Every structure is written in C-alpha cells, then in structure tokens.
Amino acid sequence: MSLEATNIRAVDPVWQRIREESYQATQDEPLMAGMFHISILHHETLESALAYRLALKLSSGEMPEQIVREIADEAYAADPWLGEAARADLVATYERDPVCHRFVQPLLYFKGFQAVQAYRLAHWLWGQERIDLALYVQMRTSEVFGVDIHPAAKMGKGIMIDHAHSIVIGETATVGDNVSMLHSVTLGGTGKEDDDRHPKIGDGVLIGAGAKVLGAIRVGHCSRVAAGSVVLEEVPPMKTVAGVPARIVGEAGCSQPSVMMDQLFAR
C-alpha cells in the first residue's frame, strides 16, 4: 500500500495564541477590531505582523512605511533566526513581566519588545554591510522608543527589557541569552578608542533599573546587578553586586535570576 504525501502546515503555537487572543479582543472591544485585524489577523505569520509593526513605528517623512516594510520582510525571509529570537523574546516578556497577561500585548503595546525587534533588524542590516540603513533604524528606534542599541552590538534571544526608558547598549557590547534588564540601564564604554570597549553580559543575567556597566568587562552568567549600581570590574558567575562602585554582596539567590526577577537581597 502506498502512502500519499500529506501537506502538514508548520505548527507555530506562539503565533496561533496571538491570533486567538486577537480574535477574542475584537469581541471584547469592537472599537479596536480594525486595529487587531490590520495588525494581527490580516497576517499569515508572526514575521509578517512584525514587519508591519516595525514599518509603522520606524517610518518617517524621509523613509516611507512601504520601504521599511519591504526591508523588514526581506530580513525575515533571509534569516529565520530573527523570527525564532522574536518568539523567544515574546515568551520571555510574557513569563517575566507581571503586567503581561497575553502574548499579543508585547507585539502591540510594549516598547521594550518592539525596540529589541527593531535592533535585530538593524543588526541584520549591519551584517549585510548596509550601514546607513542600519544607522537609520538605530536612529528611529532611539527617537520612537527611547532605546539606543548600536547595530553592531550582539544580543542573544529570550531578552526582556521592562519599561525600556533610556536603555543604552554600545557598539562592542554582547548580551547573552535569557537576559532581563530594566529601564535606564547602560552598557557603555570608558574611552574613545575604536576597539573592544563595552561589557560582555552572560546568559541569564538580571540587570536592575538604572544600573551602569562600563568598560570591556564580563558579567558572569546568572548573576544579578542591583538597581543603581555602577559596575567597573568583572562580576563572577552567580553573584549579586551592588553599590557605586559595585561590589559583591552575596550569591545570586537562585539559579535563574533573569527569570525570577527578584531584585531584593539579604544584608
């Protein structure tokens, strides 16, 4: 007996849940039905919805929405990792941000999530040596979201930036997977030399509001940087640092600080 080939559609539970939530939202709030249709339900994939959202946010009088949309569509088609990272970022936001109760919320309303996706587009353009386009996206991301991430910076997936006011991440910075940071965090340099001058943040790190990590130093995996700290020296893995300048004040307190989001520590 021969078996007939079956065309099985790829399973995408994140996108399916977003669509279900969007449909429910049109029932709960009919006045917003048009927005949910044009932003979500009109699209076949999360990548298409993201391209639409980024074009809406990043376009300007100098760069029409259609052109930005075409650039974003090209990026998502060329590099599937961008879509994978977006899904990981979205799930991270849902799991870690206590005000996020639906998957659709980061996509439509949370500028931290949207700014990270705009950075990912700029980083892809930078890697394609389309420098001016990458810098344009960086500029508009800074203007629209208040988040300034250099396109050359390297960031993993599962990134959650809460509130996202005044985030600055420099050119040679690297950020690992499953990192959480709050508003007013700076990953900055300490000089004007054109070399490796920015921090290297390990996997699973939690960086509190207003913290500054300066210079080409490493923050070890699953560590915590307390709010308002100024980190000038290397942080070992699974430690908590606090103060100005920051000093080790204890262990990380749990195996995954970026997921637990616990910013308190015993003295």
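Residues numbered from 1 in each chain as written. Predicted model: local features only at pLDDT ≥ 70, side-chain atom pairs only at ≥ 80, totals over all residues. Heavy atoms only, no water.

A. View of the nonpolar core. Grouped together as the largest cluster of nonpolar side chains are 68 residues, with contacts concentrated most on I18, I169, M181, L187, I201 and I207. No other element matches the nine residues that helix α7 (residues 111–127) contributes to this core. With sequence-adjacent residues up to four places away left out, M181 is seen in contact with M160, I161, D162, I167, I169, L187 and I207. Counting residues in hydrophobic clusters, the runner-up holds six residues, among them A92, M160, L206 and A209. (Core = buried A, V, L, I, M, F, W, Y, C linked by side-chain atoms within 4.5 Å. Buried < 20%, exposed > 50% of the residue type's maximum accessible area, 1.4 Å probe, protein only. Helix = DSSP H or I, 4+ residues; strand = E, 2+ residues; numbered from the N terminus. Contact = heavy atoms within 4.5 Å.)

B. Layout of the pattern of salt bridges. According to the stated counting rule, one finds 10 salt bridges in the structure shown. Its salt-bridge partner being D89, residue R120 comes within 3.0 Å of it at the nearest N-O pair. Taken as a pair, R120 in helix α7 and D89 in helix α5 (residues 80–96) lie far apart in primary sequence, 31 residues in all. In this structure R120 comes out as buried when scored by relative accessible area, which is 3%. As a salt-bridge pair, E143 and R140 come within 2.9 Å of each other at their nearest N and O atoms. Of this pair, E143 and R140 both sit in helix α8 (residues 131–145), three residues apart, roughly one helical turn. One salt-bridge network, held together by shared partners, links D12, E47 and R87. (Salt bridge = Lys/Arg side-chain N within 4 Å of Asp/Glu carboxyl O.)

C. Representation of the sheet that holds strand β2 (residues 154–155) in the model. Sheet architecture is open: four strands sit in the order β2-β5-β8-β11, paired in parallel fashion. A single partner strand is all that each edge strand has here, and the edge strands are β2 and β11 (218–219). Pairing between β2 and strand β5 (residues 174–175): two bridges, direction parallel. Looking across to β5, one finds that M155 is bridged to V175. (Pairing = 2+ DSSP bridges.)

D. A look at the packing of α5 against α7. At a minimum axis separation of 10 Å, α5 and α7 run at an interaxial angle of 160 degrees. Between α5 and α7, the interaxial angle falls into the category roughly antiparallel. Considering only the axes of α5 and α7, their crossing is right-handed. Contacts between α5 and α7 involve W81, L82, A85, A86, D89 and L90 from the first element and F113, V116, Q117, R120 and W124 from the second. Among the residues forming the contact of α5 with α7, the class breakdown is eight nonpolar, one polar and two charged. (Axes fitted to C-alpha atoms, helices over the stretch in contact; angles between N-to-C directions. Parallel < 35°, antiparallel > 145°, perpendicular 65-115°, else oblique. Left-handed = near helix turned anticlockwise from the far one by under 90°. Nonpolar A, V, L, I, M, F, W, Y, C, P; charged D, E, K, R; others polar.)

E. Unusual backbone geometry, seen in detail. In this structure, the amide linkage connecting V244 to the following residue, P245, adopts the cis form with an omega of -5 degrees. With respect to the secondary-structure elements, P245 resides in the loop between β14 (239–242) and β15 (247–251). In the Ramachandran plot, S166 falls in the positive-phi region, its phi being about 60 degrees despite a non-glycine side chain. The residue S166 is located in the loop between β3 (160–161) and β4 (167–169) in this model. Accessibility expressed as a relative area gives 44% for S166, which makes it partly exposed. One non-glycine residue, S184, adopts positive backbone phi at about 65 degrees. Following the sequence through the fold, S184 ends up in the loop between β6 (180–181) and β7 (186–188).

F. Fine view of α8. For α8, spanning 15 residues, the distance from its first C-alpha to its last is 21 Å, which sits close to the expected 21 Å at 1.5 Å a residue. Those residues of α8 that sit buried are A134, Y136, V137, Q138, R140, T141 and F145. In the segment just after α8, G146 is the residue with positive phi, at about 70 degrees. (Expected span 1.5 Å × (residues − 1).)

G. The arrangement of the packing of helix α1 (residues 13–28) against helix α2 (residues 33–41) in detail. Axis separation between α1 and α2 bottoms out at 9 Å; the angle between their running directions is 165 degrees. Compared by their axis directions, α1 and α2 come out roughly antiparallel. Judged by the twist between their axes, the crossing of α1 over α2 is left-handed. Contact with α1, carried on its side by W15, I18, R19, S22, Y23, A25 and T26, involves A33, F36, H37, I40 and L41 of α2 and no other residues of that element.

H. Representation of the sheet that holds β3 in the model. Taking strand neighbours across the sheet as the criterion, the six strands line up as β3-β6-β9-β12-β14-β15 in an open arrangement whose pairing is mixed. Sheet topology places β3 and β15 at the edges, where each strand pairs with a single neighbour. By the bridge criterion, two bridges tie strand β9 (residues 206–207) to strand β12 (residues 224–225) in an arrangement that is parallel. Paired with L206 across the two strands is R224, which belongs to β12.

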